[in-house]
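Results of the structural survey
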Amino acid sequence: MKLAYIRWKDAVAEEASGSTPASAHARLVELQEVGFLLDETEEAVVIGMELSDDVEVQPGRWRLHIPRVSIQEMRTVELDKAFPRRRKKSG
């Protein structure tokens with residue numbers, strides 16, 4: 001299993017009550033996400049928050065689908081390399 005760090009840009013929502021059309025400024029927000037890399041295609045990457053070895057449990061309580069065109073940077077690492085399991089101390 002791989003762990004993914006993704007820096008990407010997305011839409012911004014803002015309340016517009018009391019403002020004028022002239023006060024609107026087009027912009028995007030830069031986000032950073034970390035999660036388990038569940039799938040990827042030419043169009044999108046899917047990361048999930050949680051993972052279980054139980055085959056009856058679906059991976060990720062939530063899944064985030066990020067369009068590749070929005071990704072500014074993406075890094076992946078094997079989970080065992082990022083967080084090696086510690087050996088129990090004998091003694």
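1. Thoughts on the overall build of the chain
When you go through the chain residue by residue, the secondary structure sums to one helix and five strands. Listing every helix and strand of the chain by position from the N terminus yields β-β-β-β-β-α. Taken over C-alpha atoms, the radius of gyration comes to 19 Å for the chain, far larger than the 12 Å a tight globule of 91 residues would show. Reported as C-alpha extents along the three principal axes, the dimensions of the chain are approximately 70 × 30 × 25 Å. Taken over 91 residues, the chain has a buried fraction of 18%. In the chain, once contacts between residues fewer than 6 apart in sequence are set aside, the share between residues at least 24 apart is 57%. When the accessible surface of the chain is split by element, carbon and sulfur atoms take 49% of a total near 7,800 Å². In the chain, 14 side chains carry a positive charge and 16 a negative one; their mean positions are 11 Å apart.

2. Some remarks on the pattern of salt bridges
Where charged atoms from two side chains of opposite charge come close, those side chains can pair. Going through the model one piece at a time under the given rule, you end up with four salt bridges. Two residues, Glu-73 and Arg-7, come together in a salt bridge whose shortest N-O distance is 3.2 Å. Within this pair, whereas Glu-73 is found in strand E5 (residues 71-78), its partner Arg-7 is found in strand E1 (residues 2-10), the two being separated by 66 residues in sequence. Glu-73 is the partner of Arg-75 in a salt bridge, and the nearest nitrogen-oxygen pair spans 2.7 Å. Each of the salt bridges in this network shares a partner with another, and the network as a whole consists of Arg-7, Glu-30, Glu-73 and Arg-75.

3. A look at the nonpolar core
Residues Ala-4, Ile-6, Trp-8, Leu-37, Val-45, Ile-47, Ile-66 and Ile-71 constitute the largest nonpolar core, which totals eight residues. For this core, the elements supplying multiple residues, two or more each, are E1 and strand E3 (44-48). It is E1 that contributes the most residues to this core, three residues altogether. For Val-45, the contacting residues outside a window of four places in its chain are Ile-6, Leu-37, Asp-39, Glu-40, Leu-64, His-65, Ile-66, Arg-68, Ile-71 and Met-74.

Thresholds, definitions, all that
In this convention, every chain numbers its residues from 1, walking through the sequence in written order. Given that this is a predicted model, residues contribute local features only at a pLDDT of at least 70 and side-chain atom pairs are listed and counted only at 80 or more, while totals for whole chains, interfaces and linings are drawn from all residues. Heavy atoms throughout the structure, all of them, feed into the side-chain values; hydrogens and water do not. Numbering goes from the N terminus for both helices and strands, where a helix is a DSSP run of H or I of at least four residues and a strand is a run of E of at least two. Each radius of gyration reported is based on C-alpha atoms, and the globular scaling rule is 2.2 Å times the count of residues to the power 0.38. Remark: exposure states derive from per-residue accessible area (1.4 Å probe, protein chains only) relative to the maximum for the residue type, with buried under 20%, exposed over 50%, and partly exposed in between. The contact rule is simple, with two residues in contact once any of their heavy atoms fall within 4.5 Å. Each accessible area value is a Shrake-Rupley result obtained with a 1.4 Å probe; residue values ignore everything except the protein chains displayed when judging cover. Positive charges come from Lys and Arg alone, negative charges from Asp and Glu alone, with His and the N- and C-terminal ends not counted. Where a charge lies is defined by one atom per residue type, namely NZ (Lys), CZ (Arg), CG (Asp) and CD (Glu). Salt bridge, as used here, is a side-chain nitrogen of Lys or Arg placed within 4 Å of a carboxyl oxygen of Asp or Glu. The criterion is simple. A nonpolar core is a set of buried Ala, Val, Leu, Ile, Met, Phe, Trp, Tyr and Cys residues joined through side-chain atoms within 4.5 Å.

Honestly, it's all geometry; don't read function into it.
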